[in-house]
Amino acid sequence: MDSTPNVIAGVGLADRPRKSRWPARMDLAQSLTGLALGLFMWGHMFFVSSILLGKDAMWTITKFFEGYFILGTAYPGIVSVVVATVFALVIVHAFLAMRKFPANYQQYRTFMGHRKLMAHEDTTLWWVQALTGFLLFFLAAVHLYQMMMHPGDIGPYQSGERIWSGGWGPLYIVMLLAVEFHGGIGLYRLAVKWGWFEGKDANASRKRLKTLKWVLTAFFLALGVATFVAYAKIGYQIRDQKGAVYTPSWVVPNPMEKAK
Ligand code: HEM
């Protein structure tokens, strides 16, 4: 049935399907989960890189997250709850992001055609973000499951052993590259999308944001590689002491710990 005359006359307008607000809501949820994960990763990298300040520093940070300094004894289960929360955020973020992936070969060809034609840096950045996001589907899930199920196996020796003798080294190197590019591009695109830090001259602000993005990505990659080498070195030093657990010399054994 031809509805043109009705629309003009206003008849049927009320029956026209209302534009769904869900795509906008899902975009907002994707931005919010992305922001939370991006900021989490900055914190995570500082906590994990505490090994660069020495084994005692990393042991102290690990025990802090296990409630040791507040509850008087360590409860690794606390870390499992935090990991489960981050895992849920990663799953929701990945689910929402899947909407943006080319859904079929035609869409992929069209996107690649545009990308080549426009040779626009931000479009290429989006493609790098999509590829690294796809990689993180798998790499982050493995890491998170390990941390959630074995939260008590975090420490200078256990983490070192995992990287040197445990075969986790290659995963961490690929994941480090993927998460730093994905997170860096993600936070930059969020700032551009929502107009954060935008001065009077939008182009100048975007240029500044892009420079900041590359500086932060370079900083966290350098910190990540230094951290990786530090854990690998410890892992190498204790390669003959499987299952070794590090305890600082100044720690007085807590009788409660023994009772457990
Ligand atoms: C609460 C959740 C998390 C916890 C408790 C956690 C814990 C850790 C710990 C203890 C290490 C040191 C190595 C080891 O012990 O095996 C590590 C390394 C690493 N984690 Fe996580 N992680 C979490 C979430 C994530 C997420 C969501 C990502 C990325 C999507 C990630 C990426 C990495 C990378 C790339 C390394 C290697 C760092 C390096 O050697 O430079 N982690 N993590």
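Everything in this summary refers to the structure shown in the same document. (Residues numbered from 1 in each chain as written. Predicted model: local features only at pLDDT ≥ 70, side-chain atom pairs only at ≥ 80, totals over all residues. Heavy atoms only, no water.)

Some remarks on the packing of aromatic side chains
1) Next: Tallied over the full model, the rule gives 23 aromatic pairs.
2) Next: The interplanar angle of 85 degrees and the centroid separation of 6.4 Å between the aromatic rings of tryptophan 59 and phenylalanine 69 together place this pair among those described as edge-to-face. Pair noted here: tryptophan 59 is in helix α3 (residues 55-65) and phenylalanine 69 is in helix α4 (residues 68-71), with a separation of ten residues, a long-range link.
3) Next: On the accessibility criterion, phenylalanine 69 (41% relative accessible area) is partly exposed.
4) Next: Among the aromatic side chains, those forming a connected cluster through ring pairs are Tyr105, Tyr108, Phe111, Trp126 and Trp127.
5) Next: Directly above the aromatic system of tryptophan 214 lies the positively charged group of lysine 213, at a separation of 3.5 Å from the ring centroid. (Phe/Tyr/Trp six-rings, centres within 6.5 Å; stacked < 30°, edge-to-face > 60°. Helix = DSSP H or I, 4+ residues; strand = E, 2+ residues; numbered from the N terminus. Buried < 20%, exposed > 50% of the residue type's maximum accessible area, 1.4 Å probe, protein only. Lys NZ or Arg CZ within 6 Å of the ring centre and 35° of its normal.)

Concerning the coordination of the iron atom of the ligand
Around a metal, the idealised angle for a tetrahedral arrangement of four donor atoms is 109.5 degrees; for an octahedral arrangement of six donor atoms it is 90 or 180 degrees.
1) Next: Looking at the iron atom of the ligand, one finds its protein donor set to be His44 (NE2) and His143 (NE2), positioned 2.0 Å from the metal centre.
2) Next: Taken together, the six donor atoms coordinating the iron atom of the ligand and their angles of 86 to 179 degrees define a geometry best described as octahedral. Placement of the pair is histidine 44 in helix α2 (residues 22-48) and histidine 143 in helix α7 (residues 121-149), with a sequence separation of 99 residues.
3) Next: Judged by its relative accessible area of 13%, histidine 143 falls in the buried class. (Donors = N, O, S within 2.8 Å, 3.2 Å for Na, K, Ca; no water. Tetrahedral: all angles 85-135°; square planar, octahedral: opposite > 155°, others 65-115°.)

Brief notes about helix α10 (residues 202-237)
Residue pairs three or four apart in sequence face the same way in an α-helix, which turns once every 3.6 residues.
1) Next: If you check α10, its first and last C-alpha atoms are 52 Å apart, about what 36 residues at 1.5 Å a residue would give, namely 52 Å.
2) Next: The N-cap of α10, judged by a side-chain oxygen 3.0 Å from the amide nitrogen of asparagine 203 a few residues on, is aspartate 201. (Expected span 1.5 Å × (residues − 1). Polar contact = N/O pair within 3.5 Å; in protein donor to acceptor, adjacent residues only side chain to side chain.)

Geometric values such as these leave the question of function open.
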